[in-house]
Amino acid sequence: MSNIISISNIKGGVGKSTIAINLAGYLSRTGKIFLVDADPQGTICDWNSIRKKDNVVNNNLIITDEPYSDNDLKSSLKSEALNYDYVIIDCPPEDDLIMRTALAVSDFTILPVTPGPFDIRSAHKTVQTIKEGLQSKAIKIKPRILISKKIVGTVLGREAREALEIFKIPIFKIEICQRIAMSESGITGMTIFEYEPSSKSADEFNKLGKEFKKWQKHT
Ligand SMILES: Nc1ncnc2c1ncn2[C@@H]1O[C@H](COP(=O)(O)OP(=O)(O)OP(=O)(O)O)[C@@H](O)[C@H]1O
Ligand SMILES: [Mg+2]
């Protein structure tokens, strides 16, 4: 099964790690997940240290102890993936060897974009890297944009979808909004399903997980 998903955007702070963690949380309810921190900043490893300290247990969610290098991704990830239902890679905010290798080993990439003129413009660079890789056949990835950290009720939020259509890449119907529960869950080392399962954010990640599975089924 095609099961490696990377979360990529060279723009920093768009919600990549948050989406990696919570999509992993969703998928771990029905399968075994390997969540790979491929960002030298180690955001997911740090989050995992809090989990371990606070004894948050989910036997279906296995997390890298140290950030993976491009060599780790290249040499072992494809074979490691055979032991899991899904692998999720959190990419760094750089168009570097790690990100390019992550794209090369992935079957799918989710590209989070926050609404805003600068954010949409800088997403262009990541889209370009993906399109060039597909053209040269260096990668065989299915990309999809995800509107992330949308501020409810803003004009920018409403207009983001139309603005993103210029990239000619499919866009998830579900949008992840900026909500306090999301930033709080990150600090506490929990997924949103562990922190506040009945929140609007948990509902958004339920919908994202379902939409992802539907996409996977039809590709
Ligand atoms: N939906 C959301 N609602 C509220 N806060 C959010 C949401 N998504 C992310 N954040 C917060 O925004 C900040 C950046 O998020 P995150 O670290 O996931 O982004 P990133 O793209 O991985 O950043 P980097 O490029 O530095 O790796 C964090 O403080 C996180 O808690
Ligand atoms: Mg990150």
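Analysis parameters
- Residues numbered from 1 in each chain as written.
- Chains lettered and ligands numbered in written order.
- Predicted model: local features only at pLDDT ≥ 70, side-chain atom pairs only at ≥ 80, totals over all residues.
- Heavy atoms only, no water.
- Core = buried A, V, L, I, M, F, W, Y, C linked by side-chain atoms within 4.5 Å.
- Buried < 20%, exposed > 50% of the residue type's maximum accessible area, 1.4 Å probe, protein only.
- Helix = DSSP H or I, 4+ residues; strand = E, 2+ residues; numbered from the N terminus.
- Pairing = 2+ DSSP bridges.
- Right-handed = clockwise from strand over helix to strand, strands pointing away.
- Near = heavy atom within 4 Å.
- Polar contact = N/O pair within 3.5 Å; in protein donor to acceptor, adjacent residues only side chain to side chain.
- Areas by Shrake-Rupley, 256 points an atom, 1.4 Å probe, with all protein chains shown as cover.
- 1 Å grid on protein atoms, 1.4 Å probe; cavity = no way out; pocket = protein on both sides within 12 Å on 5 of 7 lines; lining within 4 Å.
- Sits in = over half its atoms within 2 Å of the grid points.
- Axes fitted to C-alpha atoms, helices over the stretch in contact; angles between N-to-C directions.
- Parallel < 35°, antiparallel > 145°, perpendicular 65-115°, else oblique.
- Left-handed = near helix turned anticlockwise from the far one by under 90°.
- Contact = heavy atoms within 4.5 Å.
- Nonpolar A, V, L, I, M, F, W, Y, C, P; charged D, E, K, R; others polar.
- Phe/Tyr/Trp six-rings, centres within 6.5 Å; stacked < 30°, edge-to-face > 60°.
- Lys NZ or Arg CZ within 6 Å of the ring centre and 35° of its normal.

Student: Run through the nonpolar core, naming residues and quoting values.
Tutor: Core analysis: the biggest nonpolar cluster contains 32 residues, and Ile5, Leu35, Ile88, Ile110 and Leu208 have the highest contact counts within it. Counting 18 residues, the second-largest nonpolar core is a separate cluster that includes Leu111, Ile120, Phe167 and Ile171.

Student: A description of the pairing of strand S6 (residues 142–147) should follow, citing residues and the corresponding values.
Tutor: For S6, a buried count of five out of six residues is recorded, marking the element as mostly surrounded by other parts of the structure. Strand direction decides the pairing type here: strand S5 (residues 108–113) and S6, joined by six bridges, are parallel. Bridge pairing links valine 113 to isoleucine 147 in S6. Between S5 and its parallel partner S6, the chain crosses via helix H5 (residues 117–135), and the hand of that crossover is right-handed.

Student: Describe the site of ligand 1, with residues and values.
Tutor: Lining the immediate surroundings of ligand 1 are 18 residues, of which Lys16, Ser17, Thr18, Cys177 and Arg179 lie closest. With respect to ligand 1, the backbone of glycine 15 contributes an N or O atom lying 3.0 Å from an oxygen atom. For ligand 1, the protein covers 79% of the area, taking 630 Å² as the surface of the free molecule. With respect to the detected pockets, ligand 1 is housed in the largest pocket. Elements with a contribution of two residues or more to the shell around ligand 1: helix H1 (16–27) and helix H7 (180–187). It is H1 that contributes the most residues to the shell around ligand 1, three residues altogether.

Student: Kindly report on the packing of helix H3 (residues 70–81) against helix H4 (residues 97–105), identifying the contributing residues and their values.
Tutor: Running from amino to carboxyl end, H3 crosses H4 at an angle of 15°, the nearest separation of the two axes being 8 Å. Overall, the two elements H3 and H4 adopt an arrangement that is roughly parallel. Like other packed secondary-structure pairs, H3 and H4 cross with a definite hand, here right-handed. On H4, the residues touching Asp70, Leu73, Lys74, Leu77 and Lys78 of H3 are Leu97, Ile98, Thr101, Ala102 and Val105. For the contact of H3 with H4, the per-class residue count stands at six nonpolar, one polar and three charged.

Student: Can you tell me about the packing of aromatic side chains, naming the residues and giving the values?
Tutor: For any pair of aromatic rings, the description consists of the separation of the ring centres together with the inter-plane angle of the planes. Within this structure, the stated rule accounts for eight aromatic pairs. Between tyrosine 26 and phenylalanine 193, the aromatic rings sit 6.4 Å apart at their centres with planes inclined by 50°, giving tilted as the arrangement. With a gap of 167 residues between them, tyrosine 26 in helix H1 and phenylalanine 193 in helix H8 (residues 192–195) connect regions that are remote in the sequence. Overall, tyrosine 26 belongs to the buried group, its relative accessible area being 11%. For phenylalanine 193, a relative accessible area of 12% gives the class buried. Ring centres of phenylalanine 108 and phenylalanine 212 lie 5.3 Å apart, and the angle between their planes is 75°; on these two criteria the pair is classed as edge-to-face. In this pair, phenylalanine 108 is assigned in strand S5 and phenylalanine 212 in helix H9 (residues 200–217), connecting sequence segments 104 residues apart. Overall, the relative accessible area of 1% leaves phenylalanine 108 in the buried class. One aromatic cluster is present, built from ring pairs that chain together Tyr86, Phe108, Phe172, Phe212 and Trp215. Sitting over the ring of phenylalanine 108, lysine 142 keeps its end group 5.5 Å from the ring centre. Sitting over the ring of phenylalanine 172, arginine 144 keeps its end group 5.4 Å from the ring centre.

That's the geometry; what it means functionally is another story.
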